[in-house]
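# Chain and residue survey
Each chain, letter by letter, is given below.
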Amino acid sequence: MRAAHSKKVGTGSNKRPEKLNVHIRNSWRTNLQLIRSIGNMIGYKKSLSEWQCLSEVKMGRGSPIPPMLRRKIVEQYQKGVSQRKIAKSLKLSSSTVHNIIQRFRESGTISVRKGQGRKTILDARDLRALRRHCITYRNATVMEITTWAQEYFQKTLSVNTIHRAIRRCRLKLYRSKKKPYLNMIQKRRRFLWAKAHLKWTVAKWKTVLWSDESKFEVLFGKLGRHVIRTKEDKDNPSCYQRSVQKPASLMVWGCMSACGMGSLHIWKGTINAERYIQVLEQHMLPSRRRLFQGRPCIFQHDNARPHTASITTSWLRRRRIRVLKWPACSPDLSPIENIWRIIKRKMRQRRPKTVEQLEACIRQEWDNIPIPKLEQLVSSVPRRLQTVIKRRGDATQW
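What counts, and where the lines are drawn
Residues numbered from 1 in each chain as written. Predicted model: local features only at pLDDT ≥ 70, side-chain atom pairs only at ≥ 80, totals over all residues. Heavy atoms only, no water. Helix = DSSP H or I, 4+ residues; strand = E, 2+ residues; numbered from the N terminus. Expected span 1.5 Å × (residues − 1). Buried < 20%, exposed > 50% of the residue type's maximum accessible area, 1.4 Å probe, protein only. Arc of directions from axis to C-beta. Contact = heavy atoms within 4.5 Å. Axes fitted to C-alpha atoms, helices over the stretch in contact; angles between N-to-C directions. Parallel < 35°, antiparallel > 145°, perpendicular 65-115°, else oblique. Left-handed = near helix turned anticlockwise from the far one by under 90°. Nonpolar A, V, L, I, M, F, W, Y, C, P; charged D, E, K, R; others polar.

## Observations regarding helix α3 (residues 67–78)
- Helix length check: α3, at twelve residues, gives a terminal C-alpha distance of 16 Å against a target of 16 Å (1.5 Å per residue), a fit within 8%.
- Taken together, the buried positions of α3 are Leu69, Arg70, Lys72, Ile73, Val74 and Gln76.
- One or two positions beyond α3, positive phi appears at glycine 80, with a value near 95 degrees.

What follows is the structure, encoded as structure tokens:
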């Protein structure tokens, strides 16, 4: 009796998979016929293997209807076919067809509507207040802004929330440019100087011989303040920023004009008025003769102490060298400052490790400055003066 019962049960269990396989084959054929019918309606033909691959792709719960099928629904609706017939012919629910047609009526598109998601803590009015505060206090840290926002909005806000809100305000944290400090007297003098020289033409500025000094350091070991790492690698020796307490450096003097680059001199030791006069005799005068070839020119240098010393001014007066009067703390008005910036950028790329390599690289990059670049920088001086006047003597972007 037990054997018979077990045999009967075993026979039933063997028939079950066979019925299941028949059901799967029937459902697969139904899906394949549906896909073929849709393809025939839109005039698209595929091979049997391609249709089989498409039939094996299952649409998950809540997945959007494909754009091809959405366009077909809209086309049928525009032809006057009822929603019920469209749903029946395409094997879709009536609510799905109704929603797609309703979306087409409202917006004229068939794209999927973006999900609403969780509402943001700060609305549009709060973001406007946050933007005004950030623009008013540009140097405030994110922690300070977060503390202010919690007190102002009376809401629980984190630092990450304020970070995202600042980005939503189309603002971003940047490293600020370094500019010299200007008091009210210096701004006033810059403003008056710019107004006095605003009538100078570009041809007049091309007769100026620009000169300046700059300091170059050996960048060995300074690999920048940013490093790519994980949170746990903060104490990895390869992630440290190595810095030298007193790096080797060079003080360089140079001159240039729109006609070409002048001489370059490497200072050794301290700079005083006597040594500065020697540099002018050995480098400035030959560069002046070579670049201007006897034509009248104007010499420019800043208000450093060796430049404004009495023996320096008397030497320039004896040589009958016309000097351009220069406002204090105005490196942004001199084109040679852009030349130093270009060379220092090249030094960061080449990274010389010794003073000898640094000097050789500086001289090489100095000689490689093209003349069109010099003409472009000198031609920008009138625009710089206009910016100074517009900003009432404050620092410019150059």
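## Observations concerning helix α7 (residues 142–153)
- For α7, with twelve residues, the first-to-last C-alpha span of 16 Å sits near the 16 Å given by 1.5 Å per residue.
- Regarding α7, the residues found buried are Val142, Ile145, Thr146, Ala149 and Phe153. Considered in projection along α7, the buried side chains sweep an arc of 100 degrees and stay on one side of the axis. The exposed set on the far side of α7, more than 90 degrees from its buried face, consists of Met143 and Glu151.
- Where the residues of α7 are buried, they touch α6 (124–136) and α8 (159–168).
- One or two residues past the end of α7 sits glutamine 154, with phi positive at roughly 55 degrees.

## Concerning the packing of helix α9 (residues 184–196) against helix α17 (residues 381–390)
- Between α9 and α17, the shortest axis-to-axis distance is 9 Å and the interhelical angle comes to 135 degrees. Between α9 and α17, the crossing angle belongs to the class labelled oblique. The two elements α9 and α17 cross, and the hand of that crossing is left-handed. Where α9 approaches α17, its residues Arg190, Phe191, Trp193, Ala194 and Lys195 are matched on the opposing element by Leu385, Val388 and Ile389.
- Split into classes, the residues belonging to the contact of α9 with α17 amount to six nonpolar, no polar and two charged.

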